[in-house]
Amino acid sequence: MSTFDTIVIGAGMSGVTSARMLTDAGQRVLVLEARDRVGGRMNTDRSAGFPVDLGASWIHGIDGSPLWDLAQALHVPTIEYTVGSFQVGGRPIENFDGEGRAMDADATAQWIADVDAADRLLVEEISASSAGDTYLDVTERALDRSGLSPERIDDIREFFRHRVEEQCGAWIGDLDAHGLDEDAIEGDEVIFPRGYDELPRRIGADLDIRLDTTATRVTRSTQGVVVHTEAEEFTADSVIVTVPLGVLKAGTIAFEPPLPDAVAGPIARLGMGVFNKVFLQFPERFWNEESYVLRALGEAGEHWHSWYDVSAVSGLPTLLTFAAGPFGRRMQELSDEEVVADVVRALRALYGDAVGEPRAHWITRWGLDPFSNGSYSHLALGSTHHDHDALAGPVDDVLHFAGEATWGDEPATVGAAFYSGHRAAERILGHPVDLGAFAAGIIEREQKAGR
């Protein structure tokens, strides 16, 4: 039986971050990863000769972001692509009304004003909400107060539903009234033309990472932990569990003794959303070159409603659309051919015959992935913001949790995964870990290795 100072379960962003920091501090660290790759829900497909980020894509707000500082320190190139919070304005968006007709400047301005007014009322309703209120409840109350026509209310209602789906991967009626409280975006957003998984791969380089190794049971005592896999057992003073919330909810890792309610409660209460991506590469662009987003409102956008121009990554005309929440769960059961045909049909309802046959496509099915069981966490009805941070533990001073679901300030983001891994490492070490020195150490190791 092998013995380590710390065992980290999961080689996603939080796992490699904590493992790197502990290793740099002199600990003997083992990382167990069930997948055949590093990165977790940061998954970049380079098989076509350019990167396609099937998992995380964005840094959502670079102002005051340590994750942005890390990317800059490591000289990772980025492209500005600010479309956060499912925005209605601020960047060029091609909007289509409920009948699929292109909206002119006046109609677009009216639409933006309608949503802004409804959002101001929504903030008031959220502040006045009671325990047990869903996001659907507070949005309906705001719309009731708006004084808008039924047709304009219907469009905003659809917009609110899609915003929850895209931000949380959930149905609006399953989200707590405070479920989007942390949804502020500070500064521009960026994507990664070399692929987002460059970050965890560079952080995790040279760590002791055992791929294709699934942890099945964690046994703890005041003396330490034993982590069981299908073939081996490993002992350590501490363990950091960084698997996605969906895996914890599924119970595929047994904990002995059982987790206390302080951690088990948040696991049960928080929700795990489904957010799937569909990339379509076209023979030529049929949308305006300066547009960030193509968006169908109301009935025209009931299912497929927003397409994001990510052509800058490959240099080829490429749109990214999403299927999230209940629609995402239904979509992931379909074949690729059925999904592509359905998306193209929705686009042709807006652009007609200008929409050519896609030359390539990429489709995700995160809800069917046994190593994630979903895409990212959200504040389900009955949970609170405190549940995210409470999930981090520690338990008996030997069992720690990290990952986006354990960071209350901005869950469901790569930033949350990074910060939570940093926190777990600091708790085990008992002293701060300077992020500037962390980045400098990565560069120094790469230079010594000639990378």
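Details of the structure are given in the entry above.
Just so it is clear, the model here is predicted, and its values are computed rather than measured. (Residues numbered from 1 in each chain as written. Predicted model: local features only at pLDDT ≥ 70, side-chain atom pairs only at ≥ 80, totals over all residues. Heavy atoms only, no water.)

Engineer: Describe the packing of aromatic side chains, listing the residues and the values that go with them.
Structural biologist: Applying the stated rule across the entire model yields 23 aromatic pairs. Taking 5.7 Å as the distance between ring centres and 55° as the angle between the ring planes, the aromatic pair formed by tryptophan 407 and tyrosine 419 counts as tilted. With tryptophan 407 in the loop between strand S20 (399–401) and helix H13 (414–429) and tyrosine 419 in helix H13, this residue pair connects regions lying 12 residues apart in the sequence. You can call tryptophan 407 buried: its relative accessible area is 18%. Take tyrosine 419: its relative accessible area is 10%, and that puts it in the buried class. (Phe/Tyr/Trp six-rings, centres within 6.5 Å; stacked < 30°, edge-to-face > 60°. Helix = DSSP H or I, 4+ residues; strand = E, 2+ residues; numbered from the N terminus. Buried < 20%, exposed > 50% of the residue type's maximum accessible area, 1.4 Å probe, protein only.)

Engineer: Explain the side chain of arginine 20 to me, using residue names and the numbers behind them.
Structural biologist: Mapped onto the elements, arginine 20 comes out in helix H1 (residues 13–24). Arginine 20 gets classed as buried once you look at its relative accessible area, which sits at 4%. The residues touching arginine 20, leaving out its near neighbours within four places in the chain, are Ile203, Ala205, Leu207, Phe438 and Arg445. (Contact = heavy atoms within 4.5 Å.)

Engineer: How would you explain the nonpolar core if you had to name every residue and give the values?
Structural biologist: By size, the foremost hydrophobic cluster in this structure holds 45 residues, and its most contacted members are Tyr81, Trp111, Tyr135, Ile156, Phe160 and Tyr308. Once residues lying within four places of it in the same chain are set aside, the contact partners of phenylalanine 160 are Ala118, Asp119, Leu122, Thr139, Leu143 and Ile172. Within the second largest apolar cluster, 42 residues are counted, among which are Val29, Met42, Leu67 and Leu70. (Core = buried A, V, L, I, M, F, W, Y, C linked by side-chain atoms within 4.5 Å.)

Engineer: Describe the layout of surface pockets, listing the residues and the values that go with them.
Structural biologist: Of the volumes computed, that of the second largest pocket is approximately 260 Å³. Elements with a minimum of two residues in the lining of the second largest pocket: helix H3 (105–127) and helix H5 (150–168). With five residues, H3 is the single largest residue contributor to the lining of the second largest pocket. Among the residues making up the lining of the second largest pocket, the classes are represented as four nonpolar, two polar and seven charged. (1 Å grid on protein atoms, 1.4 Å probe; cavity = no way out; pocket = protein on both sides within 12 Å on 5 of 7 lines; lining within 4 Å. Points joined across faces, edges and corners; volume = space filled by probe spheres on them. Nonpolar A, V, L, I, M, F, W, Y, C, P; charged D, E, K, R; others polar.)

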